[in-house]
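Chain by chain, the residues:
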Amino acid sequence: MIKLIATDMDGTLLNEQGLLPADFLTTFSRLKEKNIIFAAASGRQYFSLQKTFSAVAEDVLFIAENGTLVMYKEEELYFHPLEKEHVPELLSIAKNVNNAYTVLCGKRSAYIESTDQRFVDEVEKYYAKYEVVDSLLDVQDDVLKISICDFTDAEKNANVAFHPGYADKLQVTVSGKMWLDITHKTASKGTAIQYIQEKFDISFEQTMVFGDYFNDVTLLQNAFHSYAMENAHPEVKKHARFHAPSNDDEGVMQIIKQLL
């Protein structure tokens, strides 16, 4: 019996236009009737996830910022920030990545320095609450994550700037074609799922998860019912026990309906 379903958002639950499946609310109601917890596990900001699920936000469990913040019924369950001493050096390295821009992901808001319109357009897809500041170094907020928006190729460009030096000290993850995310070494979607399983007395076998990119690997590793999307990165598919149709074919909804 499944008690917890956790799904990534972009490239997984959402289609390429960034929209929820048309019948999501109907399916969500059926899950609620069966007391199955539905979790949105994303690199997105908590405020962005709240906005996307506004009609049912009070009943969705939010795993935000790649597992660094878990919120349920507007209560903070789990919080795993970056250590402050790492932030200045990480920002310095990020500033020197060619054709890339930095988002400092704080608990209260996201922060950016650049107002380049193509960058701002990308930020607004994932961050419902952000501020433009003169210097990211002056931000006074708990830092959940540092995200690099790389217009060249996050895997081949920004990722190279932080490996191998930080791979052993921090969680450096390619979370999309254009995005590299840096979090605390022990912070991930998988760690967050483990916390939720323990808190709600849910087993590995009672958990179903869906993902498509490298920031979903630990998520897939912490559930028996692990699904990689048809459109997932080939390397990510190796970590899933099962495959689901693509996000544009509403693969997550297809599998959940089969379950129901």
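Just so it is clear, the model here is predicted, and its values are computed rather than measured.

A. Here's a closer look at helix H5 (residues 117–126). Every buried residue belonging to H5 is among Phe119, Val120, Glu122, Val123 and Tyr126, and all of these are buried. The buried side chains of H5 occupy one side of the element, clustering within an arc of 160° when seen end-on. One side-chain oxygen at the N-terminal end of H5 lies 3.0 Å from the backbone nitrogen of Arg118; it belongs to Asp116.

B. The arrangement of the state of the cysteines in detail. In the structure shown here, the tally under the stated rule is 0 disulfides. Cys105 takes part in no disulfide bond, and the closest cysteine sulfur, belonging to Cys149, lies 11 Å away.

C. Structural detail: helix H4 (residues 87–95). Those residues of H4 lying buried are Val87, Leu90, Leu91 and Ala94. Taken around the axis of H4, the buried residues stretch over an arc of 100°, which confines them to a single face. Looking at the packing, one finds that the buried side of H4 touches strand S6 (100–106), strand S9 (143–150), helix H6 (158–162), strand S10 (170–176) and strand S11 (179–184).

D. Inspection of the nonpolar core at higher detail. Ile5, Phe38, Phe53, Phe62 and Phe210 are the most contacted members of the largest nonpolar core, which totals 31 residues. A per-element tally of this core places helix H10 (residues 251–259) first, with 4 residues. Counting residues in hydrophobic clusters, the runner-up holds 25 residues, among them Leu90, Leu136, Ile148 and Leu180.

E. Main features of the layout of surface pockets. Considered as a void within the structure, the largest pocket measures approximately 670 Å³ in volume. As for the largest pocket, its lining consists of 28 residues, and the residues nearest its centre are Asp10, Gly11, Tyr126, Ser175 and Trp179. Counting only elements with at least two residues in the lining of the largest pocket, the list comes to helix H1 (9–13), H5, S9, S10 and S11. Tallying contributions element by element places H5 first for the lining of the largest pocket, with 3 residues.

F. Fine view of the pattern of salt bridges. Counted by the stated rule, this structure contains 17 salt bridges. In this structure, Arg44 and Asp10 form a salt bridge, with 2.7 Å as the shortest nitrogen-oxygen distance. Linking Arg44 in the loop between strand S2 (37–41) and helix H3 (46–52) with Asp10 in helix H1, this pair joins segments that are 34 residues apart in sequence. On the basis of relative accessibility, which here comes to 7%, the residue Arg44 falls in the buried class. Sharing partners across several salt bridges, the network here consists of Asp8, Lys189 and Asp216.

G. Representation of the pairing of strand S1 (residues 4–7) in the model. On S1, burial covers both faces: Leu4 and Ala6 on one face and Ile5 and Thr7 on the other are all buried. Taken together, the 4 bridges between S1 and S2 define a ladder with parallel strand orientation. Following the sheet pairing, Ala6 is matched in S2 by Ala39. Pairing of S1 with strand S12 (residues 207–211), which is carried by 4 bridges, proceeds in the parallel orientation. Its bridge partner lying in S12, Ile5 is registered against Met208.

H. Highlighting the sheet that holds strand S8 (residues 130–132). Ordered by their spatial adjacency, 6 strands build an open sheet running S8-S7-S6-S9-S11-S10, and the pairing between neighbours is mixed. With partners counted over all chains shown, the strands left at the sheet margins are S8 and S10, one partner each. The sheet shows a mean angle of 25° between the axes of neighbouring strands, direction not considered. Alignment of S9 against S11, held across 4 bridges, turns out to be antiparallel. Its bridge partner lying in S11, Ile146 is registered against Ile182. Along the sheet, H4 contacts S6, S9, S10 and S11; its crossing angle with S9, the most-contacted strand, is approximately 5°.

Conventions adopted
- Residues numbered from 1 in each chain as written.
- Predicted model: local features only at pLDDT ≥ 70, side-chain atom pairs only at ≥ 80, totals over all residues.
- Heavy atoms only, no water.
- Buried < 20%, exposed > 50% of the residue type's maximum accessible area, 1.4 Å probe, protein only.
- Helix = DSSP H or I, 4+ residues; strand = E, 2+ residues; numbered from the N terminus.
- Arc of directions from axis to C-beta.
- Polar contact = N/O pair within 3.5 Å; in protein donor to acceptor, adjacent residues only side chain to side chain.
- Disulfide = S-S within 2.5 Å.
- Contact = heavy atoms within 4.5 Å.
- Core = buried A, V, L, I, M, F, W, Y, C linked by side-chain atoms within 4.5 Å.
- 1 Å grid on protein atoms, 1.4 Å probe; cavity = no way out; pocket = protein on both sides within 12 Å on 5 of 7 lines; lining within 4 Å.
- Points joined across faces, edges and corners; volume = space filled by probe spheres on them.
- Salt bridge = Lys/Arg side-chain N within 4 Å of Asp/Glu carboxyl O.
- Pairing = 2+ DSSP bridges.
- Axes fitted to C-alpha atoms, helices over the stretch in contact; angles between N-to-C directions.

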